[in-house]
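Structure at a glance
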Amino acid sequence: MPVQAIRTTSTARNGVGAFILQCKRLDFHYCDHWGSSKGMNTFLRSPLIARFAAAHPQIQIHISPRPNTHPIIRGLYINGREKVICVRNLEKEQILQKAELLRDANGEKVRRMKGGRLVGSLNESVRGVWDPFHGGNKEIIGDRIVSS
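Here is a short report on the structure shown in this document. Note that the coordinates shown come from a computational prediction; the quantities given were computed from them, not determined experimentally.

Once that is clear, we can look at the environment of Arg45. The residue Arg45 is located in helix H1 (residues 38-45) in this model. On the basis of relative accessibility, which here comes to 66%, the residue Arg45 falls in the exposed class. Sequence separation between Arg45 and Lys92 is 47 residues; the distance between their C-alpha atoms is 9.8 Å.

Written out as structure tokens, the structure reads:
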């Protein structure tokens with residue numbers, strides 16, 4: 001009687017290994033009559049929006065007319081915030097890029113890093129940020145760094 005191994009699959013614990021997309025809904029607003037909505041109208045009639053929606057089923061897509069205003073894309077996030085991008089006079093490929101930008105954003109405000117530091121940390125290093133030129137004279141020969 002041969003011995004067979006038991007097949008097991010690992011289960012995710014406490015969200016480790018699980019990715020949750022931060023964007024939960026994208027609203028596309030357009031106007032049928034204004035010239036600034038021409039790119040948005042062609043985008044909504046093209047297969048690009050259908051491919052985008054099929055590739056991201058976890059994002060709700062709402063399309064609604066907004067008469068007499070410029071076209072916008074509004075992203076709503078799981079933290080309750082929203083981001084709005086005006087897409088007036090943009091082509092359909094550029095509008096797709098803006099939709100992907102909102103999809104990849106996390107909904108947080110864009111903040112400037114304090115102090116101009118390259119590395120942000122709660123525990124500052126005593127020695128500073130390491131680079132390959134620390135610790136003596138170095139010489140670059142071709143594509144190699146050689147100690148001299």
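Before going further, it helps to examine the packing of aromatic side chains. Aromatic ring pairs: the centre-centre distance and the angle between the two ring planes describe each pair. Counted under the stated rule, the structure contains one aromatic pair. Measuring from ring centre to ring centre gives 5.8 Å for Phe28 and Phe43, while their planes differ by 40 degrees; the resulting arrangement is tilted. Residue Phe28 is located in strand E1 (residues 23-30), and its partner Phe43 is located in helix H1; the two are separated by 15 residues in the primary sequence. Look at Phe43 and you get buried, because its relative accessible area is 0%.

For the coordinates displayed, the defined rule picks out three salt bridges. Across the pair Glu82 and Arg74 runs a salt bridge, and its minimum N-O distance is 3.2 Å. Residue classification places Glu82 among the partly exposed positions, given a relative accessible area of 41%.

On to unusual backbone geometry. Located in the positive-phi region is Asn68, a residue other than glycine, with phi close to 60 degrees. For Asn68, a relative accessible area of 52% puts it in the exposed group. Of note in the backbone geometry, Asn89 takes a positive phi value of approximately 60 degrees without being a glycine.

Take helix H3 (residues 92-104) next. Here H3 spans 18 Å end to end across 13 residues, near enough to the 18 Å set by a 1.5 Å rise per residue. Where H3 is concerned, the buried positions are Ile95, Leu96, Ala99, Leu102 and Arg103. Buried positions in H3, seen along its axis, are confined to an arc of 120 degrees and lie on one side of it. Exposed positions of H3 whose direction lies more than 90 degrees from the buried face are Gln97 and Asp104.

So, on to the nonpolar core. Counting residues in hydrophobic clusters, the biggest one holds 22 residues, and the most contacted among them are Leu26, Phe28, Met40, Phe43, Ile73, Val87 and Ile95. With residues up to four places along the chain from it excluded, the contact list for Leu26 reads Phe52, Ile59, Gln60, Ile61, His62, Ile73, Arg74, Gly75, Ala99 and Leu102.

Regarding helix H2 (residues 47-55), the residues found buried are Leu48, Ile49 and Phe52. Looking straight down H2, one finds its buried side chains confined to an arc of 95 degrees; they lie on one side. Among the exposed residues of H2, those pointing more than 90 degrees away from its buried face are Arg51 and Ala54. Against the buried residues of H2 lie E1, H1, strand E2 (60-65) and H3.

Turning our eyes to something else, we now look at the sheet that holds E1. A sheet is described by the order of its strands in space; here four strands give the open sequence E2-E1-E3-E4, paired in mixed fashion. Two strands close off the open sheet at either side, each with one partner strand: E2 and strand E4 (82-86). Sheet twist, expressed as the average angle between the axes of neighbouring strands with direction ignored, equals 15 degrees. Both E1 and E2 contribute to a ladder of six bridges, which runs parallel. Bridge pairing in E2 links Arg25 to Gln60.

About the thresholds
- As a convention, each chain's residues are numbered from 1 in the sequence order in which they are written.
- Per-residue local features are limited, in this predicted model, to residues with pLDDT of at least 70; the limit for side-chain atom pairs, both in listing and counting, is 80 or more; totals at the level of whole chains, interfaces and linings are taken over all residues.
- Note that water and hydrogens are dropped before the side-chain values are worked out from all heavy atoms of the structure.
- In DSSP terms, a helix is any run of H or I states spanning at least four residues, a strand is any run of E spanning at least two, and both are numbered starting from the N terminus.
- Classification of residues uses two cut-offs on accessible area relative to the type maximum, computed with a 1.4 Å probe and protein chains only: under 20% is buried, over 50% is exposed, and between them is partly exposed.
- Aromatic rings from Phe, Tyr and Trp, with only the six-membered ring used for Trp, were paired whenever their centres fell within 6.5 Å, and each pair was classed as stacked if the ring planes differed by under 30 degrees, edge-to-face if by over 60, and tilted otherwise.
- A side-chain nitrogen of Lys or Arg and a carboxyl oxygen of Asp or Glu constitute a salt bridge if their distance falls within 4 Å.
- The span expected for a helix works out to 1.5 Å for each residue beyond the first.
- As used here, the arc is the angular range of directions from the helix axis to the C-beta atoms.
- We call a set of buried residues a nonpolar core when its members are Ala, Val, Leu, Ile, Met, Phe, Trp, Tyr or Cys and they connect through side-chain atoms within 4.5 Å of each other.
- Any pair of residues with heavy atoms lying within 4.5 Å of one another is described as a contacting pair.
- The criterion for strand pairing is that DSSP finds at least two bridges linking the strands in question.
- With axes taken as lines fitted to C-alpha atoms, and helix axes fitted only over the stretch in contact, angles between N-to-C directions fall between 0 and 180 degrees.

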